[in-house]
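Chain residues, written in single-letter form:
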Amino acid sequence: MGLLIANAKDILINIAVYAILFNIIYSILFSGIKYPKTISIIVYIIVMEIKLFISTTRLTLFTFCILIIVYLILGIIIVKILDEMANYKPKKSFIIIGVILGYVAELLLVKILFMAISVLIDIIIIIIWLVKHYLKTCFSVIFNIN
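Parameters at a glance
Residues numbered from 1 in each chain as written. Predicted model: local features only at pLDDT ≥ 70, side-chain atom pairs only at ≥ 80, totals over all residues. Heavy atoms only, no water. Salt bridge = Lys/Arg side-chain N within 4 Å of Asp/Glu carboxyl O. Helix = DSSP H or I, 4+ residues; strand = E, 2+ residues; numbered from the N terminus. Buried < 20%, exposed > 50% of the residue type's maximum accessible area, 1.4 Å probe, protein only. Patch = residues over 30% accessible without salt bridge, like charges linked within 9 Å, V, L, I, M, F, W, Y side chains within 5 Å. Areas by Shrake-Rupley, 256 points an atom, 1.4 Å probe, with all protein chains shown as cover. Phe/Tyr/Trp six-rings, centres within 6.5 Å; stacked < 30°, edge-to-face > 60°. Core = buried A, V, L, I, M, F, W, Y, C linked by side-chain atoms within 4.5 Å. Contact = heavy atoms within 4.5 Å.

Participant: Can you walk me through the pattern of salt bridges in this structure?
Facilitator: Under the definition given, this model contains one salt bridge. In this structure, the salt-bridge partner of Asp 83 is Lys 37, at a minimum N-O distance of 3.2 Å. In this pair, Asp 83 sits in helix 3 (residues 61-86) while Lys 37 sits in helix 2 (residues 36-55), placing the two residues 46 residues apart along the sequence. Residue Asp 83 is classed as buried on the basis of its relative accessible area, which comes to 17%. Lys 37 gets classed as partly exposed once you look at its relative accessible area, which sits at 37%.

Participant: Quick question: what am I supposed to make of a nonpolar patch on the surface here?
Facilitator: A cluster of nonpolar side chains, namely Ile 96, Ile 100, Val 104, Leu 107, Leu 108, Leu 109 and Ile 112, defines an oily patch on the protein surface of about 660 Å² accessible area. With respect to the helices and strands, Val 104 occurs in helix 4 (residues 91-142). What makes Val 104 partly exposed here is its relative accessible area of 40%.

Participant: What's the story with the packing of aromatic side chains in this structure? I'm lost.
Facilitator: Applying the stated rule across the entire model yields six aromatic pairs. Look at Phe 53 and Phe 64: their rings are 5.6 Å apart centre to centre, the planes differ by 25 degrees, and that puts the pair in the stacked class. Of this pair, Phe 53 sits in helix 2 while Phe 64 is found in helix 3, placing the two residues eleven residues apart along the sequence. Residue Phe 64 is classed as partly exposed on the basis of its relative accessible area, which comes to 23%. Each residue in the set Tyr 18, Phe 22 and Tyr 103 is aromatic and connected to the rest through ring pairs, giving one cluster.

Participant: I'm lost on the nonpolar core in this one. Help?
Facilitator: Grouped burial of nonpolar side chains is what soluble globular proteins tend to show. Within the largest apolar cluster, 30 residues are counted, with the highest numbers of intra-cluster contacts made by Leu 21, Phe 22, Ile 25, Tyr 44 and Phe 94. Sort the elements by how many residues they give to this core and helix 3 lands first, with ten residues. The residues touching Leu 21, leaving out its near neighbours within four places in the chain, are Val 43, Tyr 44, Val 47 and Met 48.

Participant: Sorry if this is basic, but what is going on with the environment of Ala 116 here?
Facilitator: Position of Ala 116 relative to the elements: it lies in helix 4. On the accessibility criterion, Ala 116 (44% relative accessible area) is partly exposed. Separated by 46 residues in the primary sequence, Ala 116 and Val 70 place their C-alpha atoms 9.6 Å from one another.

Put into structure tokens, the structure is as follows:
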């Protein structure tokens, strides 16, 4: 029963964070500033990273960098959807739909995107290592270096 209460507490905290976040994004979209979508995406990334720091006791630099990319992708998608919807829905509906959209996106997509980007970075590292090894082998054969 303790796990259920802890999970319910975490869920309520996440919902509260999303409600505050999307209230801020709604205000940014209608504030009249120059680039509201870009600033909304930056706010989304910052809030999600702060939420991650608070909820995670240990975070590596690699995970932090990958999650910035993941939150950038999610932020672009979510802000684009919410921006289209903001002109037709009142603020309460905007925030409720934003909370649902953000929570579902985090539950479903963050792990998938994190794994996909991690694999992509691993493939790039392997390619760099292979090129480095190939060049080292070529130069050692050409210049007869042991």
